[in-house]
Amino acid sequence: MGNTYPNPLVGSVIVYDDQIIGEGWHKKAGEPHAEVNAINSVKDKSLLKKATIYVSLEPCSHFGKTPPCSDLIIANKIKRVVIGTMDPFAKVQGRGIQKLMSAGCEVILGVLEEESQELNKRFFTFHQHQRPYIILKWAQTKDGFIAPETQNSREPVWITNSGSKQLVHKWRSEEQSILVGTETAIKDNPKLNTRLWEGKNPVRVVLDRNLRIPADSHLLDGNIKTIVIIDAKTEIPSALKKENIHFEKLNFNLNLAEEICKVLFQHELQSVIIEGGKQTLQTFIDVNLWDEARVFTGKAFFKNGIKAPTFSGKIIEKQEIASDQLEIYKND
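So, a few notes on the structure that sits alongside this text. Within each chain, residues carry numbers counting from 1 in the order of the written sequence. Local features are withheld for residues below a pLDDT of 70 in this predicted model, meaning they are given only at 70 or higher, and side-chain atom pairs are given and counted only at 80 or more; totals for whole chains, interfaces and linings count all residues. Just so you know, side-chain values use all the structure's heavy atoms and leave hydrogens and water out.

This part covers the side chain of D324. Think of it this way: any DSSP run of H or I at least four residues long counts as a helix, any run of E at least two long counts as a strand, and we number them from the N terminus. Among the structural elements, D324 can be located in strand β16 (residues 324–330). For the buried D324, no salt bridge exists, and the shortest N-O distance to an oppositely charged side chain is 7.6 Å, to K299. Separated by 2.7 Å, the side chain of D324 and the backbone nitrogen of N161 make a polar contact. A polar contact of 2.7 Å, which involves the side chain of D324, links it to the side chain of S164. Each residue is assigned to one of three classes by its accessible area relative to the maximum for its type, calculated with a 1.4 Å probe on protein chains only: buried under 20%, partly exposed between the two thresholds, exposed over 50%. Here Asp and Glu are counted as negative and Lys and Arg as positive; His is not counted, and neither are the chain ends. The term salt bridge refers to a side-chain nitrogen of Lys or Arg lying within 4 Å of a carboxyl oxygen of Asp or Glu. As used in this structure description, the phrase polar contact means that two N or O atoms lie within 3.5 Å; if the pair is within protein, one of them must be able to donate a hydrogen and the other to accept it, and residues adjacent in sequence are counted only when both atoms belong to side chains.

So this is what it looks like as structure tokens:
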């Protein structure tokens, strides 16, 4: 997770006489695809013409950073191809299957199709709906608050434990972007990086309609690609114009969640974690524009403060992280 963007996660296994003779997966964009690694791992290449290749996503048919995998399968005379699901990417989308069939291969499509699509839900959402896969995430107290009524410093008030915090940094390494609103940026001065986990930093996205975020904020340090979404009429001070800071102007009176998604799609971001605060989270919930919600409940009680967002979803996972409870919801 997080290493193959903009490519999907793909695995492949080659079987001869009920024995696995080769396997491989796509490890990083620009490097060989799953089918290439699987074929290269087979010691006795003469067995390939009698073997079956299984692949979780339709083999590509176009020249990108690497040659087409469908051509490689044909060149190695593999006559039976079992595919999890069709590729939704416009440059493939059935063309790989057609090329294989035209070359005389037996193609079986749709084996573990639901699981194969779930594996690449970000990739499918991006190409089918022209928007990123949207993950809502927040932490709340036992009595349902996400922040205290007042905050005395530009530091976050932690509700969850260090184990939950590290898990969130792991999630950041797996997704392409992370978004916060103006109030969170001002009050917490977050870095939104992966300092507690090994992996890529996500692209940071901040809503700042009137550019109220202090110029010395971590989000404006230029260390990580950051998209600042401002109102169409807001002027950009020259001091904030840095190489890694991208300003995008929107009409905040339109459907803001949809407009944000258009910006993220234009930046080719397949996934986003919405980290809040409440108003930002509720903006996406109210127009039903979200795919998954990850909600931590810590052991603290605030008694008053900012209430957690209200939403409805199907719970798909529960786990305990020491004293914290994590619930993951799917939007039906």
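Now, onward.
This part is about the packing of aromatic side chains. Centre-to-centre distance and the angle between the planes together describe a pair of aromatic rings. Side-chain rings of Phe, Tyr and Trp, where Trp is taken by its six-membered ring, are said to pair if the distance between their centres is within 6.5 Å; with planes under 30 degrees apart they count as stacked, over 60 as edge-to-face, and otherwise as tilted. Taken as a whole and judged by the stated rule, the model has 6 aromatic pairs. Ring centres of W171 and F296 lie 5.5 Å apart, and the angle between their planes is 35 degrees; this geometry places the pair in the tilted category. Of this pair, W171 sits in helix α6 (residues 162–174) while F296 sits in strand β13 (residues 292–297), and the two are 125 residues apart along the sequence. Here W171 and F296 have matching classes, each one buried.

Let us now look at a positive patch on the surface. Exposure above 30% relative accessible area and the absence of a salt bridge qualify a residue for a patch, where like charges join within 9 Å and nonpolar side chains (Val, Leu, Ile, Met, Phe, Trp, Tyr) within 5 Å. Exposure was quantified through the Shrake-Rupley algorithm and a 1.4 Å probe, taking into account, for residues, occlusion by the shown protein chains and nothing else. All charge positions are set by atom: Lys at NZ, Arg at CZ, Asp at CG, Glu at CD. Taken together, the side chains of K49, K50, K77 and K79 define a basic patch exposed on the protein surface. Here K77 shows up in the loop between α2 (69–75) and β4 (80–85).

Two strands qualify as a pair provided that DSSP identifies no fewer than 2 bridges between them. Across the sheet, 9 strands lie side by side as β11-β10-β9-β8-β12-β6-β13-β16-β15; this open sheet has mixed pairing. Each end of this open sheet is capped by a strand with a single partner; those strands are β11 (245–250) and β15 (314–321). For this sheet, the mean angle separating the axes of adjacent strands, direction not counted, is 20 degrees. In the sheet, strand β9 (residues 203–207) pairs with strand β10 (residues 226–231) via 4 bridges, with the strands oriented parallel. When the bridges of β10 are listed, V205 appears paired with I227. Strands β6 (133–140), β8 (177–180), β9 and β12 (271–276) of the sheet are contacted by helix α9 (residues 278–286), whose axis makes an angle of about 135 degrees with β6. Axis definition: a line fitted to C-alpha atoms, over the contacting stretch in the case of helices. Angles run 0 to 180 degrees between N-to-C directions. Residue contacts are counted whenever heavy atoms from the two residues lie within 4.5 Å of one another.

Attention now goes to the pairing of β12. Counting buried positions along β12 gives 6 out of 6 residues, so the element sits mostly inside the fold. Relative to β12, β6 runs parallel, the two being bridged by 4 bridges. Note that in β12 the partner of I135 across the bridge is I273.

On to empty space enclosed by the protein, then. Lining residues are those with an atom within 4 Å of a point, where the points come from a 1 Å grid over the protein atoms alone and group into cavities, where a 1.4 Å probe fits but cannot get out, or pockets, open sets with protein on both sides within 12 Å along at least five of seven lines. Grid points are joined across faces, edges and corners, and a volume is the space filled by probe spheres set on the points. Applying the stated criterion across every chain yields a total of 1 cavity of 30 Å³ or more. In this structure, the largest cavity spans a volume of roughly 90 Å³. Lining the largest cavity, in full, are M1, G2, T4, Y5, N7, P8, L9, L119, N120, R122, F123 and Q270. Amino acids are sorted into nonpolar (Ala, Val, Leu, Ile, Met, Phe, Trp, Tyr, Cys and Pro), charged (Asp, Glu, Lys and Arg) and polar (every other residue, Gly among them). Split by residue class, the lining of the largest cavity holds 6 nonpolar, 5 polar and 1 charged.

In this section: the state of the cysteines. When the sulfur atoms of two cysteines come within 2.5 Å, that pair is taken as a disulfide. This structure, assessed with the given rule, holds 0 disulfides. Summary of cysteine pairing: C69 is not part of a disulfide, and the nearest cysteine sulfur, belonging to C60, is at 3.8 Å.

Our next topic: the pairing of β8. Residues of β8 alternate between two faces, with S177 and L179 on one and I178 and V180 on the opposite face, all of them buried. Bridge analysis of β8 against β9 gives 4 bridges, and the strand direction is parallel. The residue of β9 that forms the bridge with V180 is V206. Throughout, right-handed denotes a crossover for which the path from the first strand over the helix to the second runs clockwise when the strands point away from the viewer. Between the parallel pair β8 and β9, the chain is carried across by helix α7 (residues 182–188), and the sense of this crossover is right-handed. With 4 bridges connecting them, β8 and β12 associate as parallel partners. Residue V180 lies in a different strand from β12, and its bridge partner there is G276.

On to the pattern of salt bridges. Counted by the stated rule, this structure contains 15 salt bridges. For E118, the salt bridge goes to K121, with nearest N and O atoms at 3.0 Å. We classify K121 as buried; its relative accessible area is 17%. Here K262 and E259 are joined by a salt bridge, their closest N and O atoms 3.2 Å apart.

The amide bond that connects Y5 to the next residue, P6, takes the cis arrangement and shows omega of 5 degrees. With respect to the element layout, P6 can be found in the segment before β1 (11–16). Although it is not a glycine, D17 sits at a positive phi angle of roughly 55 degrees. Within the element layout of this structure, D17 appears in the loop between β1 and β2 (19–25). The class of D17 is exposed, set by a relative accessible area of 60%. Notably, D18 is not glycine yet its phi reads approximately 65 degrees, a positive angle. Looking at the secondary structure, you find D18 in the loop between β1 and β2. D18 sits in the exposed class, given a relative accessible area of 73%.

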